[in-house]
Amino acid sequence: MTPANTVLAISGGVGGAKLALGLERVLPAGELAVLVNTGDDFTHLGLRICPDLDTLLYTLGGVVHTGQGWGRADESFCFMDELRRQGGPDWFLLGDRDLVLHVERTRRLAAGERLTALTAEFAQRFGVRSRLLPMSDSPVATLLDTDAGELEFQHYFVRLRCTPAVRALRFAGAAQARPTEELLNVLHSKALQAVILCPSNPYLSIDPILAIPGLSAALRASQVPIIAVSPLIGGRAVKGPTAKIMQELGVQASPASIAAHYAGLIDGLVIDHADATDARGLSVPVVCTDTLMSTLADRERVASIAVEFAATLRARAVIRSRA
Ligand code: GDP
């Protein structure tokens, strides 16, 4: 059954999943759809691995390792131990239960199934109440031009622990990729109330999504408020290389830079109190709150604020003409 209302969250992995979980808990059942980055996806040991989709599956399915924010809580590593013993590549950690998803996904994709369809089935099996929508069914790969040469995303992020300095990014395959019918249905639906950009890494997690021309156009054509939650707190990233990449690209790590990054797309920005003084003169309406989501209650609170902010903009018809 199609829900009366839909809120579309746009997410990468760990940072995004925190807000997605909050949104799922504060919205009526079935009203959340999550558009997920697949630019991090890669083929490793012959397996198709979709780290951000899996983080959302595990988080919304209630099986995530809460300390890490990724992987499963109840996990064993027999495969990894043996792989190491056999001299195989051990830089990307694969738990035994986690592995099942990659094996099944690889098998089903090879049999011609679409990533969107099998993700929906995985979500159902994990008891996820929200719709999980990959950004495309065709592969897109985030590639980083760094001082250590061009790197595939997981080599930069996991193997080299984000150490190389980033000079530019590109999203191979994005120009040819198409948004899925399921996603376009959400974006064109009268039920759509708001779009919320989670506090994911704008460069690594949100830009690959926006790089798909048909998707970006449909998003910009939507007549609902689009708001973002800033991934910075006090000019720093809670986790990961967001602020480091901003510095390397010559951009100040501030809410103004986040607003500028999403200029022509967003109608409002949620920022942390710690950045309030930097927020003056921003080009979009701003809501200031404590955006650190350590506990479940934090996630629900930030989610409620984001939903209310979007509803206020909607009521005031504050939808900017999008570039
Ligand atoms: P991803 O981009 O969603 O895959 O997630 P990462 O774990 O790589 O983190 C991306 C961004 O999320 C970083 O810039 C973090 O600062 C931000 N982030 C993580 N947790 C929080 C949080 O609790 N509050 C806010 N505002 N940002 C967060």
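All of these numbers come straight from a predicted model, not from anything done at the bench.

Visitor: Could you give an account of the overall build of the protein chain, with specific residues and numbers?
Guide: From N to C terminus, the protein chain includes 12 helices and 14 strands. In terms of C-alpha radius of gyration, the protein chain reaches 19 Å, essentially the compact-globule figure of 20 Å for 323 residues. Expressed as lengths along the three principal axes of its C-alpha atoms, the size of the protein chain is roughly 60 × 50 × 40 Å. Counting the 323 residues in the protein chain, one finds 53% classified as buried. Contacts in the protein chain between residues at least 24 apart in sequence constitute 70% of all its contacts with a sequence separation of at least 6. Approximately 13600 Å² of the protein chain is accessible, and the part contributed by carbon and sulfur atoms is 53%. Placing the 31 positive and 33 negative side-chain charges of the protein chain at their respective mean positions leaves the two points 3 Å apart.

Visitor: Describe the site of the ligand, with residues and values.
Guide: Around the ligand, a shell composed of 20 residues is seen, among which G13, P199, S200, P231 and T242 lie nearest. A distance of 2.6 Å separates an oxygen atom of the ligand from a polar atom in the backbone of P231. Contacts to the ligand include M293, whose backbone N or O atom sits 2.7 Å from an oxygen atom. Alone, the ligand offers 580 Å² of accessible surface; in the complex the protein occludes 97% of this. The element that contributes the greatest number of residues to the shell around the ligand is helix α1 (residues 14-26), accounting for four residues. Its residues placed into classes, the shell around the ligand shows eight nonpolar, 10 polar and two charged.

Visitor: Lay out unusual backbone geometry with the relevant residues and their values.
Guide: Residue R161 is not a glycine yet carries a positive backbone phi of 50°. The residue R161 is located in the loop between α6 (153-159) and β8 (166-172) in this model. For R161, a relative accessible area of 69% puts it in the exposed group. Phi is positive for C162, close to 60°, though the residue is something other than glycine.

Visitor: Could you give an account of the packing of aromatic side chains, with specific residues and numbers?
Guide: Inspection of the entire model under this criterion finds five aromatic pairs. For the ring pair F42 and W91, a centre distance of 6.3 Å and an interplane angle of 40° mean the geometry is tilted. With a gap of 49 residues between them, F42 in strand β3 (residues 42-44) and W91 in the loop between α3 (78-85) and α4 (96-110) connect regions that are remote in the sequence. On the basis of relative accessible area, F42 is assigned to the buried category, the value being 7%.

Visitor: Would you mind going over the pairing of strand β9 (residues 192-197) in detail, with residue names and values included?
Guide: In terms of residue burial, β9 counts as a mostly covered element, since five of its six residues are buried. Where strand β1 (residues 6-11) meets β9, five bridges bridge the pair, whose relative direction is parallel. Opposite I10, over in β9, you have L197 as the bridge partner. Of the pairings in the sheet, the one linking β9 to strand β10 (residues 226-229) comprises three bridges and is parallel in character. Residue pairing in the sheet places L197 in a bridge with A228 of β10.

Visitor: Provide a residue-level description of α1, including the pertinent values.
Guide: Compared with an ideal rise of 1.5 Å per residue, which puts 13 residues at 18 Å, α1 spans 19 Å between its outermost C-alpha atoms and is within 8% of the ideal. Of all 13 residues in α1, 10 are buried, a share of seventy percent or more. Among the residues of α1, V14, G16, A17, K18, L19, A20, L21, G22, L23 and E24 are the ones counted as buried. Elements in contact with the buried residues of α1: β1, β2 (32-36), α2 (51-60), β9, β10 and α12 (296-315).

Visitor: Mind laying out the environment of A191, listing which residues take part and the relevant values?
Guide: With respect to the helices and strands, the residue A191 is situated in the loop between α7 (181-188) and β9. For the pair formed by A191 and L32, sequence separation is 159 residues and the distance between their alpha carbons is 11 Å. For A191, the contacting residues outside a window of four places in its chain are P3, A4, N5 and T6.

Quick notes on the rules
Residues numbered from 1 in each chain as written. Predicted model: local features only at pLDDT ≥ 70, side-chain atom pairs only at ≥ 80, totals over all residues. Heavy atoms only, no water. Helix = DSSP H or I, 4+ residues; strand = E, 2+ residues; numbered from the N terminus. Rg over C-alpha atoms; globule rule 2.2 N^0.38 Å. Buried < 20%, exposed > 50% of the residue type's maximum accessible area, 1.4 Å probe, protein only. Contact = heavy atoms within 4.5 Å. Areas by Shrake-Rupley, 256 points an atom, 1.4 Å probe, with all protein chains shown as cover. Lys, Arg positive; Asp, Glu negative; His and termini not counted. Charge placed at Lys NZ, Arg CZ, Asp CG, Glu CD. Near = heavy atom within 4 Å. Polar contact = N/O pair within 3.5 Å; in protein donor to acceptor, adjacent residues only side chain to side chain. Nonpolar A, V, L, I, M, F, W, Y, C, P; charged D, E, K, R; others polar. Phe/Tyr/Trp six-rings, centres within 6.5 Å; stacked < 30°, edge-to-face > 60°. Pairing = 2+ DSSP bridges. Expected span 1.5 Å × (residues − 1).

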